[in-house]
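# Overview (structure and organization)
This is what each chain is made of:
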Amino acid sequence: MKFLGWFRSVAAKLFHRSRIVDDVEQELGSHIQHRADDLERSGLDRREAERLARIEFGGRERYKEESYQALGGNSIEILIHDVRFSLRLLRKSPGFTAAAILTLALAIGANAVVFGVLNALVLRPLNLPQEQSLYGIDRGGIGFESYPNYRDLRDRNHSFEDLAAYTMTLAGLDTGNDPSPVWGFEATGNYFDMLGVHPYLGRVFHASDEHGPNSAPYVVLNYSYWHVHFQDDRGVVGRIVLVNKHPFTIIGVTPPEFHGSMIFFAPSFYVPLVNQEQVQGESVLDARGNRRGIIEALGHLKPGVTTAQAVADLNAIGADLEKTYPKEDSKMVFTLARPGLGGDFLGAPIRAFVAGLMLLSVLILLAACANLGSLFGARAADRSREVALRLALGSSRRRILRQLLTEAMLISLGGGTVGLLGSLVLLRQLSVWQPFPRIPMTVPLSPDSKVYGVALALALVSGILFGIVPVRQVLKANPYEIIKAGAAARMGRRITFRDVLLAVQIAICAVLVTSSLVAVRGLVRSLHSNFGFDPQNVMLVNTDLNMAGYRGDRVLPMQKRMLEAMATIPGVKSVGLTDLPPLALDGHRMDIYSDKSTDLRPSNAAAQPFMFNVSPGYFEAAGTALISGRSFTWHDDKDAPRVAVINQDFARTIFGSVTNAMGAYFKLRDGTRVEVVGIVEDGKYFSLAEKQSPAMFLPIMQSPPSLLQSPSSFAWLVVRSNGDQQMLGAAIRSKLRELDEGLPAYISPWLTEMDAVLFAPRTATVALGVLGVLGAMLSITGIFGMAAYSVSKRMRELGIRMALGAQRKEVLQAALGRSIKLLALGSIAGLALGILASRVLAVIVYQATSRDPIVLAGVVLAMALLGLLATWIPAQRAMSIDPLRLLREE
Amino acid sequence: MTDQAQLLPGTLDLLILRAVSLGPLHGYGILLRIGQISGKALLIEQGALYPGLYRLERQGVLKASWGTSENNRRAKFYELTAAGRKRLREETKSWNRLAAAMGSALGAQPEEI
């Protein structure tokens, strides 16, 4: 109520401002008239009496001002006054205003975008009810867990209200016309109830729908899929669709704001996990050792249960499971993670990256503030005459500072508004961006009040930051000296605060330029590095025979027919098949044991190489060089001895050397002895930044029985040709149609598929590149401002020098020497810091190294060019000084 | 004029209250009244009166209304409110205590200690 009252009085004062002013004016006038009446009575004539009365009254303007203050309407009055005055001043120097607003808009815009991303990815992950108590379960950095382990955790814990789980699946969805591969979730029955999601249409499935394997053939559609594919047809509920040729009933549609429980990934449909066998053609629901059962288990903590209690609870269950199932379960140590990121699997790197980005963009803002601070300092120095005059006329220093700050605030708010508007556009574009062609990514970047708030706060803080730079100047100003000596009198040689600001700003910009160059170079190099395969001129065909109804023994012959069909396409040089291409950000790792080992527990494993199941001809098609031995033939089938091809790293770590490895044996988890028949070159298997790892290739005909099924129905055809890729794609599609009309397939060049792997380094490079450009622009405006200021300040001095016969070179040196020295100093400091910072970069961008002559030379060149560009106009101005005219004018 | 005393900070408010307590007055009238009751011993710059008046009005110890002065001019007349009368009593008391204390402290003779 107090606030309301205050507000009303302020509002009343604003609206009745003129009445108050009139009132005070009249009253003071009345006083003077009364006094004059008295003086007149004592014998003066009227005019003289009024003059004397006015003198006796004292500083009328000052008392008027103090009166307003006493009436409480003063701050608003002054503010309005200051804003008007500042706007007038800013309008008078449009160049300065535009430069300042643009600088700030860029800096605040960059911060708003980065914060928007941070907000969407880290701070506000899922948009689910009661999210603060929702946690995902993480084991060893990832959320993957086997289904039996999940069930034990769910049924035996005392900390969670309920635990639900889900996994991603790609299934052929046939809604009547064209069967197409669609991404969806297989979720536990309690999934929707645990999350508190209610259907938009129809119903969702519940725990009570689960009655053992394949008991719940229901599908729930995601709103956007329903909207696009069924055109909002409310009659879809109850319709039967085919999921991988199995009939499922559509029972409902989820609400529009629900996008599943993963942050980046929006499934198109949800099916019960118990129906996994129908959906995937295989089931891991009983495989306790298989951590691919679920991607993440998540649930709400019970009220009053702390995270530490929950972790202890889970670990007790984990320890018990380890004891009960020593063969399958090891390292059962759990932590709680933010939900929606597959445990901490995606969370940790994203957080690190976004935090790094945030840090850099705050640096940008600081650089912008330093920049504007020195500009404002220079401007205040230019205005020292005006300030001195105002001080001499009785204005208080507080009043002058207030006006300067108002000006800074106006600029910062202007810059903030422009920056925010720009960032809104950018964020909107980012949220509809689909970086991976095959996977439906969604990043809900819709900016909320938090983003607006941060932008506003940043604008205000930066306004204060650069606004206080001239404060000391004004406080120290001695009006008498300044007016006597003229504004240009003091041109000290000592290092000023402004110089330090400029050097700091240039250093920050040099850091940004260095990091962006390091990132770009790293990316270019990683694109040309040796992957252990050659993705040029190769088409990948991703098929899942299960989607077309091929299972068990029918899979392998069909795959063989596909390979043969591909080989008949003109221009095709070689064809192979693998269950997973390398560098797809996915990978199976499998424990292997030395031949002598008899204790085949996970803790006893000799190595954990990446495992690929490949067909004969794969190495030729993928372009992986065979170093010694042989590759597979169709005779390496179930009845033949088990064989493997390994990479050099495997040979070195397990057998000591390539020659020792040839013909040697190792053991798989189930005890099968496998003979090494060939060795291929090392490569990258999971991501570009990985360390060199062992890898083994097994023939698809012999896929080990511990896998889900043998052979895997999910496979990639690798087709190498020397023909036109576009034509090749069409030819592959028609060949597949000939084999089976209903087989869904993704066909794309291998280079395109690798986009996913290159996503992180590319994003990092683009982000750093943008920040680098921002930094460069800031250093240009900073150096330009400084140089232009120093030239304009020293016009007269330079004119005298020229009149006395100074050479152009000397004049330039005098005018710009300081700016250039600062530039050099700042650049060197920035370069050194940048080199340190790029060590961090090396984690994200493969082969990012700062110890690279091209990067170093690039930074030096870039900073020199920036300096040249920024000092060009001031230099021109200095050169064109006409000493005669200048001296006459002053 | 040199024998006029400078006002101590804060005393102007008390003087205004005292002047107004003797009957409603306009601003110039308050100045005259202060001069009259203080024996013209206090130096007050005329304009300085007004910020003080407005402050007191805003605090609710004075209330003001426009009227016509003895010179037949429009003027704003001030009078004490109930709160004003109370304030005047309290501040007079505390001023007297202060003055007595200051007087006895400054008037003390060596033999009295």
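Predicted model, so just to flag it, every value in this text is computed and none were measured. (Residues numbered from 1 in each chain as written. Chains lettered and ligands numbered in written order. Predicted model: local features only at pLDDT ≥ 70, side-chain atom pairs only at ≥ 80, totals over all residues.)

## Points about the overall build of chain A
Summing up its helical and strand segments, chain A has 29 helices and 22 strands in all. Across the 890 residues of chain A, 44% fall into the buried class. In chain A, once contacts between residues fewer than 6 apart in sequence are set aside, the share between residues at least 24 apart is 82%. (Helix = DSSP H or I, 4+ residues; strand = E, 2+ residues; numbered from the N terminus. Buried ≥ 20, exposed ≤ 12 C-beta atoms within 10 Å, placed from the backbone. Contact = placed C-beta atoms within 7 Å.)

## Details of the overall build of chain B
On a plain count of helices and strands, chain B comes out with four helices and five strands. Element order for chain B, N to C, with α for helix and β for strand: β-α-β-α-β-α-β-β-α. Taking the intrachain contacts of chain B between residues at least 6 apart in sequence as the baseline, contacts between residues at least 24 apart amount to 51%.

## A closer look at the pairing of strand S4 (residues 62–68) of chain B
All names here are of chain B. Note that S4 and strand S5 (residues 74–80) share seven bridges and pair antiparallel. Along S5, the bridge assignment pairs Ser65 with Phe77. Following S4, the chain reverses through five residues before pairing antiparallel with S5; Asn72 in that reversal takes a positive phi of roughly 65°. (Pairing = 2+ DSSP bridges.)

## Observations concerning the packing of helix H7 (residues 147–156) of chain A against helix H11 (residues 307–324) of chain A
When two helices pack together, their arrangement is captured by the angle between the axes and the distance separating the axes. Residue and element names in this part refer to chain A. Put simply, H7 and H11 touch, their axes get as near as 10 Å, and they point 135° apart. Between H7 and H11, the crossing angle belongs to the class labelled oblique. For H7 against H11, the interelement crossing comes out right-handed. Only Leu314, Ile317 and Leu321 of H11 make contact with H7, whose side of the interface consists of Asn149, Asp152, Leu153 and Arg156. Among the residues forming the contact of H7 with H11, the class breakdown is four nonpolar, one polar and two charged. (Axes fitted to C-alpha atoms, helices over the stretch in contact; angles between N-to-C directions. Parallel < 35°, antiparallel > 145°, perpendicular 65-115°, else oblique. Left-handed = near helix turned anticlockwise from the far one by under 90°. Nonpolar A, V, L, I, M, F, W, Y, C, P; charged D, E, K, R; others polar.)

## Some words on the sheet that holds strand S2 (residues 25–26) of chain B
All names here are of chain B. Strand order across the open sheet formed by three strands is S2-S5-S4, with antiparallel pairing between neighbours. The sheet is open, and its two borders are formed by S2 and S4, each paired with just one other strand. Note: S2 against S5, two bridges, orientation antiparallel. Residue pairing for S5: Leu25 is matched across the bridge by Tyr78. Here helix H1 (residues 11–21) sits on the sheet in contact with S2, S4 and S5, set at roughly 95° to S5.

## Notes on the nonpolar core
Ranked by internal contacts, the top residues of the largest apolar core, which has 221 residues, are A:Ile108, A:Leu717, A:Val718 and A:Val719. Residues A:Leu28, A:Ala53, B:Leu17 and B:Leu56 belong to the second largest nonpolar core, which totals 29 residues. (Core = buried A, V, L, I, M, F, W, Y, C linked by C-beta atoms within 7 Å.)

## A short note on the interface of chain B and chain A
Taken together, the contact pairs 17 residues of chain B with 19 residues of chain A. Elements that contribute at least two residues to the side of chain B that touches chain A include exactly helix H2 (27–37), helix H3 (49–59) and S5 of chain B. In terms of residue class, the side of chain B that touches chain A is made up of six nonpolar, five polar and six charged.

## Some details on unusual backbone geometry
Not every positive phi belongs to a glycine, and A:Gln231 is a case in point at roughly 45°. Considering the arrangement of structural elements, one finds A:Gln231 in the loop between helix H9 (223–229) and strand S6 (240–243). The phi torsion at B:Asn72 lies on the positive side, around 65°, for a residue other than glycine. On the secondary structure map, B:Asn72 appears in the loop between S4 and S5.

## A word on the packing of H1(B) against helix H4 (residues 82–107) of chain B
Residue and element names in this part refer to chain B. Where H1 meets H4, the closest approach of the two axes is 10 Å, and the angle between their N-to-C directions is 125°. The angle between the axes of H1 and H4 places the two elements in the oblique class. The handedness of the crossing between H1 and H4 is left-handed. Counting all contacts with H1, which are made through Leu14, Leu17, Arg18 and Ser21, the residues of H4 involved are Gly84, Arg85, Arg87, Leu88, Glu91 and Trp95. A per-class count over the contact of H1 with H4 returns four nonpolar, two polar and four charged.

## Considerations on H1(B)
Residues and elements named next belong to chain B. Listed in full, the buried residues belonging to H1 are Leu12, Leu15, Ile16, Leu17, Ala19 and Val20. Close packing links the buried residues of H1 with S2, H2, H3, S4, S5 and H4. Downstream of H1 by one or two residues, Gly23 has phi in the positive range, about 145°.

## Describing the pairing of strand S21 (residues 714–721) of chain A
Residues and elements named next belong to chain A. In terms of burial, S21 is largely enclosed, as seven of its eight residues are buried. Examined bridge by bridge, strand S12 (residues 572–578) and S21 share six bridges and lie antiparallel to one another. Looking at the pairing, Leu577 lines up with Leu717 of S21.

## A short note on helix H21 (residues 648–655) of chain A
Residue and element names in this part refer to chain A. Those residues of H21 not exposed but buried are Gln648, Phe650, Ala651, Ile654 and Phe655. With its buried residues spanning 160° around the axis, H21 presents them on a single face. After H21 finishes, the residue Gly656 shows a positive phi value of roughly 95°. (Arc of directions from axis to C-beta.)

## Let's talk about the environment of A:Leu44
One can find A:Leu44 in the loop between helix H2 (17–41) and helix H3 (46–57). A:Leu44 gets classed as partly exposed once you count the C-beta atoms within 10 Å, which come to 16.

## Notes on the confidence of the model for chain A
Residues at a pLDDT of 70 or more form 87% of chain A, whose mean pLDDT is 80. Across residues 705–711 of chain A the pLDDT falls below 50, and counting only partners more than four positions away or on other chains, this stretch makes 15 contacts in the model. (pLDDT = per-residue confidence, 0-100.)

## Regarding the environment of A:Ala380
All names here are of chain A. When you line up the elements, Ala380 lands in helix H12 (residues 347–382). By the C-beta count within 10 Å, which is 22 here, Ala380 ends up buried. When the C-alpha atoms of Ala380 and Gln473 are compared, they prove to be 7.8 Å apart, with 93 residues separating the residues in sequence.

## Some points on the confidence of the model for chain B
Chain-level pLDDT for chain B is 84 on average; 90% of the residues reach the 70-or-more range. Scored as a whole, the predicted complex attains pTM 0.62, and scored at its interfaces, ipTM 0.88.

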